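# Structure assessment
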Amino acid sequence: MNSIEAPETLLWRESRIKIPYAWAAGETASRFFIEIRDRKKIFGTKCPSCDKVYCPPKKTCGDCFSNCGEWLEVGPDGEITGFTQALYEGGAHPVKNPVGGLILLRGASTAMLHLIGQCPLEELKIGMKVTPVFKENRQGNILDILHFIPAKQNHG
Ligand SMILES: [Zn+2]
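Values in this document were obtained by computation on a predicted structure and should not be read as measured data.

## Here's the deal with the environment of Gly 100
Summarising the element assignment, Gly 100 is placed in strand 5 (residues 99-105). Given 17 C-beta atoms within 10 Å, Gly 100 falls into the partly exposed group. Separated by 47 residues in the primary sequence, Gly 100 and His 147 have C-alpha atoms spaced 9.0 Å apart. Excluding residues within four positions of it along the chain, Gly 100 makes contact with Phe 83, Thr 84, Ala 86, Leu 113, His 114, Leu 115 and Ile 116.

Right, dumping it as structure tokens:
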């Protein structure tokens, strides 16, 4: 009769798991996404103490911890303050090899991270003016803005 003994060492195999999940966006993010979804308007919140305008909006100022209760419309245009491209596959990437940028919307003090489209990476520049392209069928999330594209320069 053959017997099998327990191995002296255990083997490990590294892998990944995919877990569907849902999270509550909360009052501030919900209002932000609803304005984009229903009216294609982008809002930030303003700190009454230091006048910093957060976009994406924050309920509490990260600098002075005041309640940012005032909502104001920002953008929709802005400028690129940084950018990069992801050259690896990622489950969270909405597109293959996404070009992402920090977009400082007009009237905001903080930049929002979003996709940049319709512009080759080598033509992007810090300070480039961009404008959002909204999705046709918006669902109440950050991808209701499809991406930001270079703004048409008005030379007239
Ligand atoms: Zn503040």
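## Quick word on the sheet that holds strand 3 (residues 70-74)
The strand order across the open sheet built from three strands is 2-1-3, with neighbouring strands paired in antiparallel fashion. Each having just a single partner strand, strand 2 (53-54) and strand 3 make up the two edges of the open sheet. Two elements, strand 1 (residues 42-46) and strand 2, share two bridges in a ladder whose sense is antiparallel. When the bridges of strand 2 are listed, Thr 45 appears paired with Tyr 54.

## Let's talk about the pairing of strand 7 (residues 129-134)
Pairing of strand 4 (residues 78-85) with strand 7, which is carried by two bridges, proceeds in the antiparallel orientation. If you follow Glu 79 over to strand 7, its bridge partner there is Lys 129. The sheet contact formed by strand 7 and strand 8 (residues 145-150) spans five bridges and is antiparallel. Pairing of Val 133 across the sheet is with His 147, part of strand 8.

## Remarks on the sheet that holds strand 5
Sheet architecture is open: five strands sit in the order 6-5-4-7-8, paired in antiparallel fashion. Every interior strand has two partners, whereas the edge strands, strand 6 (112-115) and strand 8, have only one. Each strand of the sheet is rotated relative to its neighbour by a mean of 45°, with strand direction disregarded.

About the criteria used
Residues numbered from 1 in each chain as written. Predicted model: local features only at pLDDT ≥ 70, side-chain atom pairs only at ≥ 80, totals over all residues. Helix = DSSP H or I, 4+ residues; strand = E, 2+ residues; numbered from the N terminus. Buried ≥ 20, exposed ≤ 12 C-beta atoms within 10 Å, placed from the backbone. Contact = placed C-beta atoms within 7 Å. Pairing = 2+ DSSP bridges. Axes fitted to C-alpha atoms, helices over the stretch in contact; angles between N-to-C directions.

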